[in-house]
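Geometric and topological summary
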Amino acid sequence: MISNQILQSTIEGIKSISRVDLYVADSDGKILASTAKAIDKFESAIINFVGSQADSQSVQGFQFFKVYEEAQLEFVLIAQGTSDDVFMVGKMAAFQIQGLLTAYKERLDKDNFIKNLLLDNLLLVDIYNRSKKLHIDIEARRCVYIIETKNEKDSLALETIRNIFAAQKKDFITAVDEKSIIVVKDLDGKNTEEDIEKVAETIVDMLNSEAMLKATVAYGTVVKELKEVSKSYKEAKMALEVGKIFFSEKKVVAYENLGIGRLIYQLPLPLCRMFIKEIFQDKNPEEFDEETLTTISKFFENNLNVSETSRQLYIHRNTLVYRLDKLQKSTGLDLRVFEDAITFKIALMVVKYMNFMDNADY
């Protein structure tokens, strides 16, 4: 509902141009704003006008107009005078107030509010005031999910997501760009980390089975206040990007499980290049042959266990030792030594990150 102050300012502005006194009342006959002293007989006249079928009516030297919002009567505007000019001023004033109603509704629209909340575009006082008007709980546990599909502006994906959460009235589904769908999920005190991850898995499965779409879902940490929702959104956004670099095989990525990838993602590229040059000199890790790369990968998967790695690679233990020695001569790093193995692992991740950033569209 528009405040009385806005109504007062609006009709005063119109009067300053037209010199016609105006009154705005609610459907019960109560005057909310006026440019002159209200007359007592207005209440009964307004109630009678509200009950009539007419959208405008002339009554004892005044002209009455109905102001609607989506077919719902919101206000009665009264213009003093019976001339055609006064009628025109009254109609224009009614149209102006109706436009304000539409604009005000859009401003308070939940979807618009959530978008601005996610993007951190609201002051703290605005969050509290607008959430109260929109009946959104300020202190509730929430988690933000970002769903990305290959197709931009995919209406089928959005419809599927809406159907998944149709029964959850406290959940919000929106989008801040053309690439992804955002779900602000309301959580109760019983929701565990497993439950939160299961929601993401359900989204992936439903999109795959019902919409025949491949999707990736990333989510942030749980926040306990409405003002912190943007934090969970930023975390989910980072999880989505980091997941593309280091966990491309995963369909569900959680911010809390990003590990060292989160740290590498925030490094400046010049520093990364300096680090790689320091480790590998002029040799590019991508130039390793397939055999070497497979050996390295399996060795890390088996926690630097020589026996288990050789078994899984179907090679003799001495063959694996030979490959590791060869790699040590080439790079100066012995993967059997924990410190060297960590350095090598981080270096490979940094290279992956650099390649991703070099090939990114932005």
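Quick summary incoming for the structure in this document. The structure displayed is predicted, hence computed values, not measured ones. (Residues numbered from 1 in each chain as written. Predicted model: local features only at pLDDT ≥ 70, side-chain atom pairs only at ≥ 80, totals over all residues. Heavy atoms only, no water.)

Observations concerning helix α6 (residues 155-164)
Among the residues of α6, Ala157, Thr160 and Ile161 are the ones counted as buried. One side of α6 carries all its buried residues, which in axial view fall inside an arc of 100 degrees. Looking at the buried side of α6, the elements it contacts are β6 (141-149), β7 (172-174), β8 (180-187) and α7 (193-210). (Buried < 20%, exposed > 50% of the residue type's maximum accessible area, 1.4 Å probe, protein only. Helix = DSSP H or I, 4+ residues; strand = E, 2+ residues; numbered from the N terminus. Arc of directions from axis to C-beta. Contact = heavy atoms within 4.5 Å.)

Side note on unusual backbone geometry
One non-glycine residue, Asp120, adopts positive backbone phi at about 65 degrees. Position of Asp120 among the secondary structure elements: in the loop between α4 (110-118) and α5 (124-133). For His135, which is not glycine, the phi dihedral falls at a positive 60 degrees. Counting through the fold element by element, His135 comes out in the loop between α5 and β6.

What about the pattern of salt bridges?
Within the structure shown, the criterion is met by 14 salt bridges. Close ionic contact of Glu148 with Lys244 constitutes a salt bridge, the shortest N to O distance being 3.0 Å. Residue Glu148 is found in strand β6, and its partner Lys244 is found in helix α8 (residues 229-246); the two are separated by 96 residues along the sequence. A relative accessible area of 34% means that Lys244 is categorised as partly exposed. (Salt bridge = Lys/Arg side-chain N within 4 Å of Asp/Glu carboxyl O.)

Thoughts on the environment of Asn284
Looking at the secondary structure, you find Asn284 in the loop between α10 (269-280) and α11 (290-301). For Asn284 and Met357, which are 73 residues apart along the polypeptide, the C-alpha to C-alpha distance reads 17 Å.

Describing the pairing of strand β4 (residues 62-69)
Within β4, 7 of the 8 residues are buried, which leaves it mostly tucked inside the rest of the structure. Of the strand pairs in this sheet, strand β3 (residues 56-59) and β4 are connected by 4 bridges, and their pairing is antiparallel. Counted as the bridge partner of Val59 is Phe62 from β4. Where β3 hands over to β4, the hairpin turn is made up of 2 residues, of which Gln60 adopts a positive phi near 45 degrees. Summarising the sheet, β4 and strand β5 (residues 72-80) pair through 8 bridges and their orientation is antiparallel. Bridge assignment links Phe62 to a residue of β5, and that residue is Gln80. (Pairing = 2+ DSSP bridges.)

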